[in-house]
Amino acid sequence: MARLISAPTVIPAAGQPPKIIEEFIGRVNSGTSGISIAKMTSPSGWSEPGQKPEFDEYTIVLRGELRVETRDAVQRVVAGQAIVVSRGEWVRYSTPGSEGAEYIAVCMPAFSADMVHRDKK
């Protein structure tokens, strides 16, 4: 049976300055553990600690630029592009551009703070 998701839940975000995470589908908003889909709005200058998550992450940039750093490369992902980061791969996200970024993140299985494994400061 189809289920309407009326509105997202805002999830606390790591990094500074704060970004907005609006989870539409996932563990918090819909009780879904297999996949999460969230809209991210990151201000200019936002960055978060590196992480080694237990989920695959598929990201589509809608506006601005997302910087994706792995152990092997630094990718500049701009509006209209996407990137896939595999579970177990170390990654750090940031939005260094002047306009920040707006993007959709899809995690499989669904995002959980217990599965991110952020770097210790």
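It should be noted that the structure appears before, not after, this text.
Now for a look at the structure at hand. Since the structure is predicted, the reported quantities are computational estimates derived from the model, not experimental observations. (Residues numbered from 1 in each chain as written. Predicted model: local features only at pLDDT ≥ 70, side-chain atom pairs only at ≥ 80, totals over all residues. Heavy atoms only, no water.)

**Side note on the overall build of the protein**
In plain terms, the rule: Here a strand is any run of E in DSSP of at least two residues, a helix any run of H or I of at least four, and the numbering for each starts at the N terminus. The cut-offs for exposure are 20% and 50% of the maximum accessible area for each residue type, with area from a 1.4 Å probe on protein chains only; residues under the lower value are buried, those over the upper are exposed, and the others partly exposed. Contact definition: two residues touch when any of their heavy atoms are within 4.5 Å.
Along the backbone of the protein there are zero helices and nine strands. When the helices and strands of the protein are listed from N to C terminus, the series reads β-β-β-β-β-β-β-β-β. For the protein, the spread of C-alpha atoms along the three principal axes comes to 40 × 30 × 25 Å. When the 121 residues of the protein are sorted by exposure, 39% land in the buried category. Of the contacts formed within the protein by residues at least 6 apart in sequence, a portion of 65% connects residues at least 24 apart.

**Overview of the pattern of salt bridges**
Cut-off, in case you're wondering: Definition used for salt bridges: Asp or Glu carboxyl oxygen within 4 Å of a side-chain nitrogen of Lys or Arg.
Per the counting criterion, the structure on display carries six salt bridges. The salt bridge partner of Glu69 is Arg67, with a shortest N-O separation of 3.5 Å. Given the relative accessible area of 17%, Glu69 is considered buried.

**Quick look at the packing of aromatic side chains**
Defined as follows: Only the six-membered ring of Trp is used, alongside the rings of Phe and Tyr, when aromatic pairs are assigned; centres must lie within 6.5 Å, and planes under 30 degrees apart are stacked while those over 60 apart are edge-to-face, with the rest tilted. Working rule: Lys NZ or Arg CZ, within 6 Å of ring centre, within 35 degrees of ring normal, means a charge sits over the ring.
A full pass over the atoms with the stated rule returns one aromatic pair. The ring centre of Trp90 lies 4.2 Å from the NZ or CZ of Arg71, which sits over that ring.

**A look at the nonpolar core**
Here is the rule we go by: Nonpolar core, defined: a set of buried Ala, Val, Leu, Ile, Met, Phe, Trp, Tyr and Cys residues in which side-chain atoms within 4.5 Å join the residues together.
Membership of the largest hydrophobic core comes to 16 residues, with the highest contact counts inside it found for Met40, Leu66, Val68, Tyr93 and Tyr103. If we ignore the near neighbours within four places in the chain, the residues touching Val68 are Ala73, Val74, Gln75, Val77, Ile83, Val85, Val91, Arg92 and Tyr93.

**Focus on unusual backbone geometry**
With omega at -15°, the peptide bond leading from Gln16 into Pro17 counts as cis. Mapped onto the elements of the fold, Pro17 is located in the loop between strand S1 (9–11) and strand S2 (20–25). The linkage connecting Met108 with the following residue, Pro109, adopts the cis geometry, with an omega of -5°. As for its position among the elements, Pro109 is in the segment after strand S9 (101–108). Backbone geometry places His117, a non-glycine residue, at a positive phi of 55°. Residue placement: His117 occurs in the segment after S9.

**Regarding the side chain of Glu57**
Selection rule: We count Lys and Arg on the positive side and Asp and Glu on the negative side, and we leave His and both chain ends out.
Position of Glu57 among the secondary structure elements: in strand S5 (residues 56–70). No salt bridge forms around the buried Glu57; measuring N to O, its nearest opposite-charge neighbour Lys19 is 6.5 Å away. Every residue in contact with Glu57, bar those within four places of it in the chain, is listed here: Gln51, Ile83, Val84, Val85, Tyr93, Ala105, Val106 and Cys107.

**What to know about the layout of surface pockets**
We apply this condition: Of the grid points, spaced at 1 Å and generated over the protein atoms alone, those admitting a 1.4 Å probe that cannot get out make up cavities, while open sets with protein on both sides within 12 Å along at least five of seven lines make up pockets; any residue with an atom within 4 Å of a point is treated as lining. Grid points are joined across faces, edges and corners, and a volume is the space filled by probe spheres set on the points. Classes in brief: Ala, Val, Leu, Ile, Met, Phe, Trp, Tyr, Cys and Pro nonpolar; Asp, Glu, Lys and Arg charged; the others, Gly included, polar.
Quantified by volume, the largest pocket comes out at close to 290 Å³. Lys19, Ile21, Met40, Glu57 and Phe111 are, among the 23 residues lining the largest pocket, the residues nearest its centre. Of all the secondary structure elements, the ones that give two or more residues to the lining of the largest pocket are S2, strand S3 (36–42) and S9. With four residues, the single largest contributor to the lining of the largest pocket is S3. Of the residues in the lining of the largest pocket, the class split is 16 nonpolar, two polar and five charged.

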